Every structure is written in structure tokens, then in C-alpha cells.
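# Architecture and fold: a report
What follows is the residue order along each chain.
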Amino acid sequence: MALYRAPPAGALIAVPLDEFTALFHRPSGITHLLTAPAPEILAALAPAPMTRAALLARLADDYDVEGGAEALAVRLDELVAAGLVATR
């Protein structure tokens, strides 16, 4: 079962901009514009790697997760493709 992890502490600088979050990824030098739930996913993964099921449960504690596991899988795939989340 895959574990998803956020970049190490200090690798990201986030600045809220209305409904967007500007996220500077220091290792790549790229700035990303994210909308919910991407910043919330990164925040939930910051303390420790998680499986997709554990992440969904963690997010459901604080948010209404529209689309459930399928929607989360899509968002995780986007974050992995952008280099903001890694799997192992």
C-alpha cells in the first residue's frame, strides 16, 4: 500500500491569495497556484506519510470531502505529478 508524503519542513512557502494559495517549492524553484483541497492535503501530510485511506479519514475530520476516495486519488495524482507529494 502506497504512502504519500509532503516535502520536508521548510521546502514549501505558502501564501494565501483569496481562494488560491501561492506555493513556492524551494527544491524546484517553481511557484504553484493551488486551490482547495490541495493545500489542505499538503498540511495533513506534513507531520507524517499516510496511506490514501488514512489521509481521507484525516481530511474528513475537518472538511466535507466531496467525491470521496476517487476525488482524493485524482488530487493526489496531480500533486505527485507536480512534484509536491511523493509516494513510497
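What you see is a predicted model; the values in this text were computed from it and never measured. (Residues numbered from 1 in each chain as written. Predicted model: local features only at pLDDT ≥ 70, side-chain atom pairs only at ≥ 80, totals over all residues. Heavy atoms only, no water.)

It is at 11 Å that the axes of helix H1 (residues 38-45) and helix H3 (residues 68-81) come closest, and there the two elements cross at 80 degrees. When the axes of H1 and H3 are compared, the pair comes out roughly perpendicular. Between H1 and H3, the contacting residues are Ala38, Ile41 and Leu45 on the first element and Leu72, Arg75, Leu76 and Leu79 on the second. In the contact of H1 with H3, the residues fall into six nonpolar, no polar and one charged. (Axes fitted to C-alpha atoms, helices over the stretch in contact; angles between N-to-C directions. Helix = DSSP H or I, 4+ residues; strand = E, 2+ residues; numbered from the N terminus. Parallel < 35°, antiparallel > 145°, perpendicular 65-115°, else oblique. Contact = heavy atoms within 4.5 Å. Nonpolar A, V, L, I, M, F, W, Y, C, P; charged D, E, K, R; others polar.)

This part is about the pattern of salt bridges. For the structure on display, the rule yields two salt bridges. Of the charged contacts, one joins arginine 58 and aspartate 62 as a salt bridge, the two residues approaching to 2.6 Å between their closest N and O atoms. On the criterion of helical spacing, the pair formed by arginine 58 and aspartate 62 is a turn pair, its members being four residues apart in helix H2 (residues 52-62). On the basis of relative accessible area, arginine 58 is assigned to the partly exposed category, the value being 36%. Its salt-bridge partner being glutamate 78, residue arginine 75 comes within 2.9 Å of it at the nearest N-O pair. You can see arginine 75 and its partner glutamate 78 sitting in helix H3, three residues apart, about one turn around the helix. Taking relative accessible area as the criterion, arginine 75 reaches 28% and is therefore assigned partly exposed. Given a relative accessible area of 42%, glutamate 78 falls into the partly exposed group. (Salt bridge = Lys/Arg side-chain N within 4 Å of Asp/Glu carboxyl O. Buried < 20%, exposed > 50% of the residue type's maximum accessible area, 1.4 Å probe, protein only.)

Read across the sheet, three strands follow the order S2-S3-S4 without closing on themselves; strand pairing throughout is antiparallel. Where the open sheet ends on each side, the last strands, each with one partner, are strand S2 (12-17) and strand S4 (30-35). Shown here is a sheet whose adjacent strand axes are inclined to one another by a mean of 25 degrees, direction ignored. Looking at chain direction, strand S3 (residues 20-25) and S4 are connected through six bridges and run antiparallel. (Pairing = 2+ DSSP bridges.)

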